Amino acid sequence: GITAWEMGEEVPSGGVTKSGAKTAKSDAQKFSKRRPDPAGLAKLEEGDAALKAGDFTAAKALFDQAADICKNSSVTGEKKAKEPKEAKPAADAEPAVEPMRLYLSNPKDNLQAKPMREGVDEKENYAKNTPELLAEHLKVTGGKYITRFPPEPNGYLHIGHAKAMNFNFGQANIAKEQGFGGETIMRFDDTNPEAEKQEYIDSILSNVHWLGNKPCRVTYSSDYFQQLYDFAVQLIKQGDAYVCHQTKDQLRAGRDALRAGRAELPPCTSPPPLAVSPWRSTTVEENLAKFEKMRTGQYAEGEAFLRMKGELMSDNPAMWDTAFYRIKYSIHPHSGDKWCIYPTYDYTHCICDSLENITHSLCTLEFETRQAADGPYYWLLYKLGIYRPVTWEYSRCNITHNVLSKRKLNSLVTKGIASGWDDPRLLTLDGLRRRGYTPLAINAFCEQIGVTRAGSITTAMHVLENCIRNELDVTANRAFAVLKPLKVMVTDMDGPETVTVPNHPKDLARGSRALTLSSTIFIELTDFRPVDDPNFFGLAPGKDVGLLGTSFLLHCTSFDKGADGAPALLHCKLKERGDAKPKGNLHWLSESTAVAAEVRLYQQLFTVENPNVTAVAKPSESAAAAPDGEEGAEDDEDEGPASWINLINPTSMVTEGKALVEPSLAEFFTSPGTSFQFQRLGFFTVDLASTKERPVLNRVVGLKQGAF
């Protein structure tokens, strides 16, 4: 939690705050309840007396003694029976943090890689390994758990990818710790050369390692292009794939006809003619010839596709002749110009999983129907006669007031709404890193929200914020900063004084720093009001407030207005604090030592909790493969009055260009990622753009939930 010092409580010269003494008392009381030693209880009473007298140093010492006596005592307390109470969870309660456990089945038991869907005939059970296939797989792996993290290098990773990493690497690590063995492969799903870039590959690798993940090896789907091509030829020869020339509109009309036919009463028993491609019955020889023409660049893009010859009457739409190969005349970032035909995600994913002997392929729920036991994932492996991994689906990561779709994030960047993929308002990993989030906090968040099969769960943003807040409360040194300076003339001060304040009130071993108190200081503009209010803890004419880190009270005698009529200069006097207990204690900086800085205050990116619900969606085909062979397409729009992009919070970033910080921070201005707590203001970090001449700091998070 945040100490009283940080929220404005004075720290006496002894270095112990009232809050610190109370914390020591609380610790002592816990031990005294378990072991109520009379000597310890007596020290508790003495500590209470010292606390009431305002001697916090003595009180803490007495409470510490009480804790030691009771902790080491043989006296035992009587446990009182408690009446059971029915728990009432708070509406906005954060999920309980439970240790991660091994969710995945033992690889030796993976004969049936996926349970059958209810009502599906056993003849469509493509997910069953033969004993020989499983034995061969186990011989290669030695029975260890093998997971994979397979992002497409078409953008920068976000917090949802962090969850995927945490789950994939985490499960493998737990299996290893439990003696089974475990490892995770880092695989780039690089099957779309138009969208993929080396800069994305480099960024992904950097973030994987930044989060502390260690893949056993890095692979690329493009490493297997020749094997994938050879498998495609095998499918054609078996009569399980054909070259199709239908357009996107024709294919969509056919699928609409299939849906309409299934909705009829009674349902149709054979596919409507419109749903059957005119090229579905092409001979093997002709399909081989056409596929060779595709490979050698004799068709234009979009003129020919290789499709599975699936089951058009299946109630699983992913089986309706999914596209396996398409033509793209683009240079591939990894394989160069060797190929002009590229396999689709639906074709590549399962085969690479099998070739790499993945034991458990973990995906989000939108892939569930594709990966059903009667879906194309297992149909392909069944037709090719190769090992079938277990597939395991879980819900996507959604966070309030944010979007995580790569397409939407790309729109924010390309439209100039975000300054780049590392804009601190975005939940990209680069953005979070620049904002001041750490690997420890991000991984703690992922473990806290866990994995579930619930279809749609949106986590409150404050859950993520609390993870970094709790960490920085322990690790970040304290400092003074004034964001909106208001000048104060101390009229009764003869010369400057030096005051010493602790770097971290909860950890005095971190030492202290000297601050200069002079006759001209600055306080926050918001800490002064021309007319006082009973609920206002700041300064007003005729009112006293404390100055943090000093033994003084600041008394305002008068103030001057600027040309705009707002307060521009305060005239004040100092008083010794003595026994006075002012309502507020203000942070401050001296004009002679304060350093100018730019401070960026970040808030929620969108004005509504779920900007995604405004999307204009077309009939969902999320369970099926993309009809034209393009994976990852989204149906929501950027334009229109109800568009998600019109819900941007106009104050999601506010820049304080005339802020002041204390001089002790100067040595960190060129150390991006160094974080501090600006007392009474929040946690801040040094930005990438910061220089000695122009320091820039970002607010990571407020001191308390909702404190902006």
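Everything numeric here is computed off the predicted structure, so don't read it as measured data.

Basis of the calculations
- Along each chain, residue indices are assigned from 1 in the same order as the chain's sequence is written.
- In keeping with the predicted nature of the model, local features appear solely for residues at pLDDT of at least 70, side-chain atom pairs appear and are counted solely at 80 or more, and the whole-chain, interface and lining totals rest on all residues.
- Only hydrogens and water are removed before side-chain values are computed, so all heavy atoms of the structure are retained for them.
- Basic side-chain nitrogens of Lys or Arg form a salt bridge, by our definition, when they fall within 4 Å of a carboxyl oxygen of Asp or Glu.
- The helix count covers DSSP runs of H or I at least four residues long, the strand count covers runs of E at least two residues long, and both are numbered beginning at the N terminus.
- Residue exposure (1.4 Å probe, protein chains only): buried if accessible area is under 20% of the type maximum, exposed if over 50%, otherwise partly exposed.
- The span you would expect from a helix comes to 1.5 Å times its residue count less one.
- When the centres of two rings from Phe, Tyr and Trp lie within 6.5 Å, Trp using its six-membered ring, the rings pair. Their planes under 30 degrees apart give stacked, over 60 give edge-to-face, and anything left gives tilted.
- Fitting a line to C-alpha atoms yields each axis, with helices limited to the stretch in contact; the angle taken between N-to-C directions then spans 0 to 180 degrees.
- Any angle from 65 to 115 degrees is called roughly perpendicular, while one under 35 is roughly parallel, one over 145 is roughly antiparallel, and all others are oblique.
- Contacts are assigned to residue pairs that have any heavy atoms within 4.5 Å of one another.
- Gly falls in the polar group here, along with every residue not listed as nonpolar (Ala, Val, Leu, Ile, Met, Phe, Trp, Tyr, Cys, Pro) or charged (Asp, Glu, Lys, Arg).

(A) Summary view of the pattern of salt bridges. Following the criterion strictly, the structure yields 36 salt bridges and no others. In this structure, Asp687 engages Arg434 in a salt bridge whose closest nitrogen and oxygen atoms are separated by 2.7 Å. One end of the pair, Asp687, is in the loop between strand S26 (682-686) and strand S27 (696-701); the other, Arg434, is in helix H14 (residues 429-435), and 253 residues separate them in sequence. For the pair formed by Asp687 and Arg434, the shared burial category is buried. Close ionic contact of Lys506 with Asp473 constitutes a salt bridge, the shortest N to O distance being 2.7 Å.

(B) View of helix H16 (residues 461-475). For H16, spanning 15 residues, the distance from its first C-alpha to its last is 22 Å, which sits close to the expected 21 Å at 1.5 Å a residue. Residues Met461, His462, Val463, Leu464, Glu465, Asn466, Cys467, Ile468, Arg469, Glu471, Leu472 and Asp473 constitute the buried set of H16.

(C) Spotlight on the packing of aromatic side chains. All chains considered together, the criterion is met by 24 aromatic pairs. With a centroid separation of 5.0 Å and 40° between ring planes, the pair formed by Phe324 and Tyr347 is classed as tilted. In this pair, Phe324 sits in strand S6 (residues 323-327) while Tyr347 sits in helix H11 (residues 345-355), placing the two residues 23 residues apart along the sequence. Owing to a relative accessible area of 0%, Phe324 belongs among the buried residues under this scheme. According to the relative accessible area criterion, Tyr347 is buried, its value standing at 0%.

(D) The arrangement of the packing of helix H8 (residues 225-238) against helix H10 (residues 284-295) in detail. Following both chains from N to C, one finds H8 and H10 inclined at 155°, their axes separated by 9 Å at the closest point. Considering their axes alone, H8 and H10 lie roughly antiparallel with respect to each other. Residue-level inspection shows Tyr229, Ala232, Val233, Ile236 and Lys237 of H8 in contact with H10, the latter providing Val284, Asn287, Leu288, Phe291, Glu292 and Arg295. Of the residues contributing to the contact of H8 with H10, the split by class is 7 nonpolar, 1 polar and 3 charged.

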